[in-house]
Amino acid sequence: MTISPFIVTASTNNDTIIENSIVYAENVLQLISQNSINFYNIVDRSFGTNYNPILAESIRKQWACGDFSNLPSIQVISTGMSGLAAYAATTNTIYLDQDFLDSNQPDLLNTVLIEEFGHFLNNQIQANSTGETGSIFSNLVQGVSLSDQQLAALQAIDDNGTITFNGQLIPVEYASSVSAQSAVDYVTGNGPSTITIADFNGDSKLDLVTTDYGSNQVSILLGNGNGTFKPAVNYDTGNNPHSVTIGDFNGDSKLDLAIADYGSNKVSILLGNGDGTFKPAVNYSTSKNPYSVTTGDFNIDGKLDLAIANYGSNKVSILLGNGDGTFKPAVNYSTSRNPVSITTGDFNSDGKLDLAVANISSSTVSILLGNGNGTFQSAVNYSTGSNPESIIAGDFNGDGKLDLATANYGSSTVSILLGNGNGTFQSAVNYSTGSGPESVITRDFNGDGKLDLATANYGSNTVSILLGNGNGAFQFAINYNTGSGPESVITGDFSGDGKLDLAVANYSDNNVSVLADFVPALLSFTSSPVTLSYIDTATNDTFLSSSGTVITGNGGGPEATYGISGVSASNGISTAVGNYGTLTINDSTGEYIYQPNNLNTLTAGSYTDNFTLTSNDGFTSTSQVFTVDINGVYDTPSHTSSPVNLSYIDTPANDTFLSSTGTITATDAEGTIVTYGIPGVIASNGISSAVGNYGTLTINNSTGGYIYQPNNLNTLTTGNYTDSFTVSST
C-alpha cells in the first residue's frame, strides 16, 4: 500500500493534474529505491558522496516499500514566485506556481515535481551539495543519462532564490527543468503560419499571437512571465490569414493587430482593449492574395500606415492610416513575381522609410525607396537564393548601413545583401540552413554584440541558428528540432530570467513550440586551470606522462568541444608540441595527456611550458591556460676521481722528462653522459689542449683520458715550479 502525505493547501482547479504527477513520482521513486545499487549510484551522482548514509538508507527503505509519508506537502500560490516550482527547506514545502498549473503541462509537471523531491532528498540526507542537484536527480531517476560535461554544467547552476508567501520571504531552491533541449507545445488554431510577440495586456510579460491559416483566426496566448503561456484565445479574421503585424493604430496606447488575409484579399484590423482581448475585425481591401503585412509611418504624419505584399497581383499595397484605427484605400506599386514577405527600413539614409520585398517566383528582392509622403519610387530588383520566403533588415557588418537577409525555401539558404547606404545593395552571399526555410529573424543570440540569424525550416522540422561574425559573414548553421512544419520563429525573454527563449509556429501540428532558455549561458571552464609540476631530483631519471580532464559548462546548453589554440584536430585529437613536452587533448571529452621530454638534458634551473586550451559550444567559446612547471633541475655532475698532482724531480742523471697519463672521471647521478674539457679551450676532433708554463695538457673530451707532456726542464734554474690547469666536466 502506498502511503502519500501530500496536502494541497490552496484552492485550485488543478487537483487532478497534481495528483497524477504525485502518483507518477511515487512510482518512479519506489522503483529506483528497490534496487539499492541503482539508488546509491543516482544519489552519489546527484549529490556527491559526502552525505549521512544512515539517513539515506532510512529514506530508501521507506520509498522501496511505498511509504512516502516523509515527503513535503505542496502549496499552490499565485503570486510571489519567479519560477515554475520551488522547495523550501525551512518550511519543508514544495511551492507550485498557479499559472504554471493552469498551462496544463502534465509531462513538465512530472519532471518538475521529481526535481523538487531531489531538492528535498539533498536536504534530508545532509548532503548540502550545490548546483542544480534536483535537476540532475530528476533526469537520472527518469532514465536520462548525463555526460560528465552536462553534469558539470548543471552543478554550476545557482538555483537559489526566494519566494514571498503570506508576507514572508522564504529561501528556496527553484526548479529549472525547462531547458533548450525540451520544447513545450501550446495548441493554436489550424495551420499557424506566422508568430510574433508583444505585451497585449500591459503586465510587462510577453504574449504570443499566431495567424491560423486553416481556421481563419488569430490565436492570442498570454504569457505568465515564467516561460509558460495561458491557453490560446482565438479571434476571427478574414479567409486564410497568413501574416500579422502589431502597432497602435488608433493612438490609445493599446496594441492592435493587422492581419493579411490571403483568401479574401483583405487586411483585418483588430483593435486591442489593452487587457489582452481584441475587438471584432474590421476589413480593408488590398490587392490579390495579400501574403505579408508590415507597418510604419510612410508619410511622416505620426500615424501608422500599412504595407502589404500581394502574392497574386505582384503588387505592394499601401494603406495610409487615419490615426483612429481606420485606413485610406489601398494604393498599389509593382514588384517582381509573387511577393511573399515585406519589411521596412531607411536604406538610403534620407530619413524616409523604404520597402524591401521578397519575391518567391523570381528569386529576387524588390527595393522601393520612399518619398516621405506615402508614395514610393519604382522597384529595383536584386537576386537572392532560390525562392525567398522571408526578408528582414539589420546591420550585419556594423557599418551603420542597413543590410538584408532572406530565407530561401528553394535552395535551403539565407542570402545576405550588404547595403551601400544609398539604397543599393551588394550581390547576395548565401549560407546554408536546414531544409526549406520559411522565416528568418535577427537577434544577438550569444551576447557578443553582433547580429545573428534564426530560420524556421519547414522541410526539416528544425530551427537553424547562424551566428554572425560582425563583418557581414555568418558561421555554419546550428540546427535544433521543432514540431512538424515550422513556418515562423520569434525570440524573446518569456521567463524574465534575462535569457532568450524561442517560439516556433508549427503549421502541421497546429501548435506553438516554446523552447525556454534556448540560448545557453556563456560557456566557461568549470574545472580549475591545469598546472603540472615536475621536480628533477638526483634519482629521477624517468619523467612520466600526466593525464586528466578539463570541463566546461554553459548552464545545460549544447555540448561543447575542446581543442588547443592554433592547432587543427586530427581524428578528434588535438596535439601541440611545447618546449619541454607534448600535450594532446580529446576534442569530445576534454581528456588530456602531457608527455614530458627527457628533462635530464636541461641545465640547472626552472622551466615552464604553456598551452592555451579552447572550448566551443557553437554559441560561445572560451579559453584557459594549461601550465607545466619544471623545477629544481638536477644536472650537475661531480668528479669521482681525485685531483691530479704530477711531480717531476730534476736530478743530475735525469736528462729526459717523460709524459704522464691517466684518466679523470665524473658522474651524473641521473645517468646522463658526461663530457670533459679545459675551460677557455675550444676542442678539436674531440681533444682539448692547453699549453702551460712548463708543459702541455691534452684531454679526451669523451673519456677523460689525459696526457701531460713536460717541456725540457733542464733549462730551468734551480728552484721549485708549478703548472696548473682546470679540468671541467659537463
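Remember, predicted model here, so these are calculated numbers, not experimental data. (Residues numbered from 1 in each chain as written. Predicted model: local features only at pLDDT ≥ 70, side-chain atom pairs only at ≥ 80, totals over all residues. Heavy atoms only, no water.)

Peer 1: Quick rundown of the overall build of the protein? Include the residues and the values.
Peer 2: The helix and strand tally for the protein stands at seven helices and 51 strands. Per-residue burial over the protein gives 51% buried out of 730 residues. Long-range pairs, those at least 24 residues apart, make up 53% of the contacts in the protein between residues at least 6 apart in sequence. When the accessible surface of the protein is split by element, carbon and sulfur atoms take 47% of a total near 30,700 Å². (Helix = DSSP H or I, 4+ residues; strand = E, 2+ residues; numbered from the N terminus. Buried < 20%, exposed > 50% of the residue type's maximum accessible area, 1.4 Å probe, protein only. Contact = heavy atoms within 4.5 Å. Areas by Shrake-Rupley, 256 points an atom, 1.4 Å probe, with all protein chains shown as cover.)

Peer 1: How would you explain the side chain of serine 317 if you had to name every residue and give the values?
Peer 2: Structurally, serine 317 is set in strand 17 (residues 315-319). A relative accessible area of 0% means that serine 317 is categorised as buried. Looking at serine 317, its side chain comes within polar contact range of the main-chain nitrogen of serine 287, at 3.3 Å. Engagement of the side chain of serine 317 in a polar contact is seen with the side chain of asparagine 332, the distance being 2.6 Å. Serine 317 has contacts with Thr286, Ser287, Leu306, Ala307, Ile308, Asn310, Ala330, Val331 and Asn332, leaving out every residue within four places of it along the chain. (Polar contact = N/O pair within 3.5 Å; in protein donor to acceptor, adjacent residues only side chain to side chain.)

Peer 1: Describe the pattern of salt bridges, naming the residues involved and giving the relevant values.
Peer 2: Where charged atoms from two side chains of opposite charge come close, those side chains can pair. Taken as a whole and judged by the stated rule, the model has one salt bridge. The closest approach of N and O atoms between arginine 60 and glutamate 57, which form a salt bridge, is 2.9 Å. Residue arginine 60 and its partner glutamate 57 are both found in helix 3 (residues 53-64); the two are separated by three residues, about one turn of the helix. (Salt bridge = Lys/Arg side-chain N within 4 Å of Asp/Glu carboxyl O.)

Peer 1: How would you sum up helix 3? Please name residues and give values.
Peer 2: Under the 1.5 Å per step criterion, the end-to-end length of helix 3 is 16 Å for 12 residues, consistent within 8% with the ideal 16 Å. By the burial criterion, the buried members of helix 3 are Ala56, Ile59, Arg60, Trp63 and Ala64. Buried positions in helix 3, seen along its axis, are confined to an arc of 130 degrees and lie on one side of it. Pointing more than 90 degrees away from the buried face of helix 3 are the exposed residues Ile54 and Lys61. Where helix 3 begins, the capping side chain belongs to asparagine 52, and its oxygen is found 3.0 Å from the backbone nitrogen of isoleucine 54. (Expected span 1.5 Å × (residues − 1). Arc of directions from axis to C-beta.)

Peer 1: Which residues make up the sheet that holds strand 49 (residues 695-700), and what values go with them?
Peer 2: The four strands lie next to each other as 45-50-49-48, forming an open sheet whose pairing is antiparallel. At either end of the open sheet lies a strand with only one pairing partner, and these are strand 45 (660-663) and strand 48 (687-691). Between one strand and the next, the sheet's axes are offset by a mean angle of 15 degrees, whatever the strand orientation. Pairing of strand 49 with strand 50 (residues 705-710), which is carried by five bridges, proceeds in the antiparallel orientation. Residue pairing in the sheet places threonine 698 in a bridge with isoleucine 707 of strand 50. (Pairing = 2+ DSSP bridges. Axes fitted to C-alpha atoms, helices over the stretch in contact; angles between N-to-C directions.)

Peer 1: An account of the environment of arginine 443 is needed here, citing residue identities and associated values.
Peer 2: With respect to the secondary-structure elements, arginine 443 resides in strand 27 (residues 437-443). The partly exposed category is assigned to arginine 443, whose relative accessible area is 35%. The sequence separation of arginine 443 and leucine 453 amounts to 10 residues, and the corresponding C-alpha distance is 6.4 Å.

Peer 1: Kindly report on helix 1 (residues 15-33), identifying the contributing residues and their values.
Peer 2: Relative to the 27 Å expected for 19 residues at 1.5 Å per residue, helix 1 spans 27 Å between its end C-alpha atoms, a close match to the ideal helical length. For helix 1, every residue scored as buried is listed here: Ile17, Ile18, Ser21, Ile22, Ala25, Glu26, Val28, Leu29, Gln30, Ile32 and Ser33.

Peer 1: Could you give an account of the nonpolar core, naming the residues involved and the relevant values?
Peer 2: Counting residues in hydrophobic clusters, the biggest one holds 68 residues, and the most contacted among them are Trp63, Leu96, Ile125, Phe137 and Leu208. If you tally residues by element for this core, the top one is helix 5 (residues 106-124), at eight residues. Discounting chain neighbours no more than four positions away, the residues touching tryptophan 63 are Leu29, Gln30, Ser33, Phe39, Phe68, Asn70, Leu71, Phe120, Leu121 and Phe137. Counting residues in hydrophobic clusters, the runner-up holds 22 residues, among them Leu532, Tyr592, Tyr594 and Leu613. (Core = buried A, V, L, I, M, F, W, Y, C linked by side-chain atoms within 4.5 Å.)

Peer 1: Which residues make up the pairing of strand 1 (residues 73-77), and what values go with them?
Peer 2: Strand 1 sits mainly inside the fold: four of its five residues count as buried. Direction of pairing for strand 1 relative to strand 3 (residues 93-97): parallel, over a ladder of five bridges. Bridged to serine 73 within strand 3 is threonine 93.

Peer 1: I'd like to hear about the packing of helix 1 against helix 3, residue by residue, with values.
Peer 2: Two elements in contact, helix 1 and helix 3, have axes whose closest approach is 8 Å; the angle formed by their N-to-C orientations is 120 degrees. By crossing handedness, the relation of helix 1 to helix 3 is classed as left-handed. Mapping the contact onto sequence places Leu29, Gln30 and Ser33 in helix 1 and Arg60, Trp63 and Ala64 in helix 3. Of the residues contributing to the contact of helix 1 with helix 3, the split by class is three nonpolar, two polar and one charged. (Left-handed = near helix turned anticlockwise from the far one by under 90°. Nonpolar A, V, L, I, M, F, W, Y, C, P; charged D, E, K, R; others polar.)

Peer 1: So what's going on with the confidence of the model for the protein? Residues and values would help.
Peer 2: A low pLDDT means the predicted coordinates there should not be read in detail. Looking at the protein as a whole, the pLDDT averages 86, with 88% of positions reaching at least 70. Confidence drops under pLDDT 50 across residues 177-181; counting only partners more than four residues distant or on other chains, this segment forms 16 contacts. (pLDDT = per-residue confidence, 0-100.)

Peer 1: Before we move on, can you summarise the sheet that holds strand 5 (residues 168-174) with the specific residues and values?
Peer 2: Pairing in this open sheet of five strands is mixed, and the strands run 1-3-2-5-4 from one edge to the other. Each end of this open sheet is capped by a strand with a single partner; those strands are strand 1 and strand 4 (160-165). Strand-to-strand twist of the sheet, defined as the mean angle between neighbouring strand axes without regard to direction, takes the value 40 degrees. One ladder, built from two bridges, connects strand 2 (residues 85-88) with strand 5; its direction is antiparallel. Bridge assignment links tyrosine 87 to a residue of strand 5, and that residue is glutamate 173. Against the sheet, helix 5 makes contact with strand 1, strand 2, strand 3 and strand 5, and its axis sits at roughly 15 degrees relative to strand 2, the strand it touches most.

Peer 1: Give me the side chain of serine 287: which residues, what numbers.
Peer 2: You can see serine 287 is positioned in the loop between strand 14 (282-285) and strand 15 (290-296). Among the polar contacts listed, one links the side chain of serine 287 to the side chain of serine 313, at a separation of 2.5 Å. In contact with serine 287, not counting residues within four places along its chain, are Asn265, Asn310, Ser313, Lys315, Ser317 and Asn332.

Peer 1: Mind laying out the packing of aromatic side chains, listing which residues take part and the relevant values?
Peer 2: A complete count under the given rule lists 28 aromatic pairs for this structure. Considering the side-chain rings of tyrosine 592 and phenylalanine 626, the 5.0 Å spacing of their centres and the 85 degrees angle between planes classify their relative orientation as edge-to-face. On the criterion of sequence distance, the pair formed by tyrosine 592 in strand 41 (residues 591-596) and phenylalanine 626 in strand 43 (residues 621-631) is long-range, its members being 34 residues apart. Phenylalanine 626 carries the same exposure label as tyrosine 592, and that label is buried. Aromatic ring contacts, followed pair by pair, group Tyr213, Tyr262, Tyr291, Tyr311 and Tyr507 into a single cluster. (Phe/Tyr/Trp six-rings, centres within 6.5 Å; stacked < 30°, edge-to-face > 60°.)

Peer 1: Mind laying out unusual backbone geometry, listing which residues take part and the relevant values?
Peer 2: Even without a glycine there, the phi angle at asparagine 216 is positive, about 55 degrees. Following the sequence through the fold, asparagine 216 ends up in the loop between strand 8 (207-212) and strand 9 (217-221). Positive phi outside glycine occurs at asparagine 571, with the angle close to 55 degrees.

Peer 1: Describe in detail the pairing of strand 13 (residues 266-270), supporting the description with residues and values.
Peer 2: Summarising burial for strand 13: four of the five residues are buried, a large majority. Where strand 12 (residues 256-261) meets strand 13, five bridges bridge the pair, whose relative direction is antiparallel. Within strand 13, the residue paired with leucine 257 across the bridge is leucine 270. Linking strand 12 back to strand 13 in an antiparallel pair, the connection comprises four residues, with asparagine 265 at a positive phi of about 55 degrees. Sheet analysis places strand 13 next to strand 14, joined by four bridges and oriented antiparallel. When the sheet's bridge partners are listed, valine 267 is paired in strand 14 with tyrosine 284.

Peer 1: Describe the environment of serine 412, listing the residues and the values that go with them.
Peer 2: Mapped onto the elements, serine 412 comes out in the loop between strand 24 (403-408) and strand 25 (413-417). Sequence-wise, serine 412 and serine 435 are 23 residues apart; in three dimensions their C-alpha atoms are separated by 5.1 Å. Residues within four places of serine 412 in sequence aside, it is in contact with Tyr431, Ser432, Thr433, Gly434, Ser435, Gly436 and Pro437. Only 3.1 Å separates the side chain of serine 412 from the backbone nitrogen of glycine 436, close enough to count as a polar contact.

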